[in-house]
Amino acid sequence: MWRFSGILLLLMAADVSAQAASGRVISLETALKTAHAREPELRQARANTELAFRKVDEAGAPLLPQVNGTASYSAATANSASTPGVVTASGGKHFYDLYDRLSLGLNATQLIYDFGQARGRRNAAKENAASQACEELAVGLQIEAQVRTAYFDARARKAMIVVGSETLANEERHLAQIAGFVEVGTRPEIDLAQARTTRANARVQLIHAQNDYEIAKALLNRAMGVEEDTAYDVTEEGFPALDGEDKSTEELLIEAQKARPEFAALASQVRAQELTVQVIERARYSPTLSAQTGMTEAGTPSNGLGWNWNIGLLLNWPIYQGGLSVAQLAEAHATLNGLSAALDINRQQIRLQLEQARLAVSGAKASLEATEDANINARERLKLAEVRYAAGVGNAIELGDA
């Protein structure tokens, strides 16, 4: 009866895993692809990158010809009005007849020279777009890290279900053995109570392991950006060691500064702000020269429209703007100083993260061999305890501890 009860409990304990195994199976590669396609933060970062590149087009628009068309229509009276200092002949009568007037125009303007202000703004916009592209890449790597963390956590939780199932099966076997000893009177009743308590604790641990696995898969769903149930299983594929994980911090720091997108994003922001400072400095005292041309056709429709054409140059030279340019330049310098400091902070943060990760990998490798030794010794201790208990030398507490 005890053996049948143990088999039944094992079947109940493996219910969640069996349901997951009967459905779809998700590998790490599938989880990463799903996250790249569906994770909302990554989609938002892509939209921001597209927005930044559109701003580059906007910043370059002043360098191209500007063409505007105009059209106006009006109906008005033609009564004469006196002007101070001017003698006009007027009959003193006012008429209410309306006269139509139509005006059509086409104007074109081309910037000729502005001491590099427009090109500087476009170059600054390009650096900002490059920075946003790096930030998008950084978001993608962050999402990948979250997916990997959630995936490996789910794998660990799944392994704990196997451990819990094996533990429960072992306790069921011990309970059946102890029940036989108690029945023939070779062991006291307290051993049977101890075995039942141990088996109950094993059942509780297995239930917790099952629940933790489902929670881990729910967290994996969030990392992937999906809104689905957890009726799937994760694979147990192995992964090789990463190239260069045993390098020194200084060597890894050089590689990180080249590869980390958030560092590249800040560097692009610094360059963009430097260009912005240059543009503001030029705009303080530099004029802009533009060419203009236009064609108009106007008059009353009944008498026919008359056309005219004009061409000219426009020189705009800001002389004094109430201290606006001085304030803008000071603001730009302050922003540049802040970005430079942020770049240094990021470099130091990367160094700290590299040192922590390098030490964590080194410690994990060192603990693998010791953990394996502990596992072998624990199994051997359990075998010895079982033999001692069967021989009547050991007790139930010793067996439970083993």
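Thresholds, definitions, all that
Residues numbered from 1 in each chain as written. Predicted model: local features only at pLDDT ≥ 70, side-chain atom pairs only at ≥ 80, totals over all residues. Heavy atoms only, no water. Helix = DSSP H or I, 4+ residues; strand = E, 2+ residues; numbered from the N terminus. Expected span 1.5 Å × (residues − 1). Pairing = 2+ DSSP bridges. Phe/Tyr/Trp six-rings, centres within 6.5 Å; stacked < 30°, edge-to-face > 60°. Buried < 20%, exposed > 50% of the residue type's maximum accessible area, 1.4 Å probe, protein only. Lys NZ or Arg CZ within 6 Å of the ring centre and 35° of its normal. 1 Å grid on protein atoms, 1.4 Å probe; cavity = no way out; pocket = protein on both sides within 12 Å on 5 of 7 lines; lining within 4 Å. Points joined across faces, edges and corners; volume = space filled by probe spheres on them. Nonpolar A, V, L, I, M, F, W, Y, C, P; charged D, E, K, R; others polar. Polar contact = N/O pair within 3.5 Å; in protein donor to acceptor, adjacent residues only side chain to side chain. Patch = residues over 30% accessible without salt bridge, like charges linked within 9 Å, V, L, I, M, F, W, Y side chains within 5 Å. Areas by Shrake-Rupley, 256 points an atom, 1.4 Å probe, with all protein chains shown as cover. Salt bridge = Lys/Arg side-chain N within 4 Å of Asp/Glu carboxyl O.

Asker: Before we move on, can you summarise helix α6 (residues 189-224) with the specific residues and values?
Answerer: Taking 1.5 Å as the rise per residue, α6 with 36 residues should run 52 Å; its terminal C-alpha atoms sit 53 Å apart, in good agreement. Residue Gly225 follows α6 closely and has a positive phi angle near 80°.

Asker: Residue-level account of the pairing of strand β6 (residues 306-316), with values.
Answerer: Note that strand β5 (residues 288-299) and β6 share 11 bridges and pair antiparallel. Within the sheet, the bridge partner assigned to Ala298 lies in β6 and is Gly306. In textbook terms, the turn of a hairpin is the stretch between consecutive antiparallel strands, and for β5 and β6 this stretch comprises six residues, one of which, Gly304, has a positive phi near 95°.

Asker: Tell me about the packing of aromatic side chains, and please be specific about residues and values.
Answerer: Two numbers describe a pair of aromatic rings. These are the distance of the centres and the angle of the planes. Going through the model one piece at a time under the given rule, you end up with two aromatic pairs. When the ring of Tyr113 is compared with that of Phe115, the centres are 4.8 Å apart and the planes differ by 55°; the resulting orientation is tilted. Pairing Tyr151 with Phe152 gives two aromatic rings, centres 5.8 Å apart and planes at 75°, and the pair type is edge-to-face. The class of Tyr151 is buried, set by a relative accessible area of 0%. Of the residues examined, Phe152 reaches a relative accessible area of 34% and is grouped as partly exposed. The ring centre of Tyr232 lies 5.3 Å from the NZ or CZ of Lys217, which sits over that ring.

Asker: Account for the layout of surface pockets, with residues named and values stated.
Answerer: Rolled over the atoms, a probe as big as a water molecule pinpoints where empty space is left. The computed volume of the largest pocket comes to approximately 1400 Å³. Secondary structure elements with two or more residues in the lining of the largest pocket: α5 (117-184), α7 (249-259), α8 (261-285) and α9 (324-390). A total of nine residues in the lining of the largest pocket trace back to one element, the largest contributor, which is α5. Residue composition of the lining of the largest pocket, grouped by class: 16 nonpolar, five polar and 10 charged. Of the volumes computed, that of the second largest pocket is approximately 490 Å³. Along the wall of the second largest pocket there are 20 residues; nearest its centre are Glu166, Thr167, Asn170, Leu382 and Ala402.

Asker: A description of the environment of Glu355 should follow, citing residues and the corresponding values.
Answerer: By the secondary structure assignment, Glu355 is in helix α9. Side chain to side chain, Glu355 and Arg358 meet in a polar contact 2.9 Å long.

Asker: Help me get a handle on a nonpolar patch on the surface, residues and values and all.
Answerer: Together, Val67, Leu106, Met295, Trp307, Trp309 and Ile311 line one region of the surface with nonpolar side chains, adding up to about 730 Å² of accessible area. Ranked by residue count, the leading element in the nonpolar patch is β6, at three residues. Following the sequence through the fold, Trp307 ends up in strand β6. Among the residues examined, Trp307 registers a relative accessible area of 58% and is labelled exposed.

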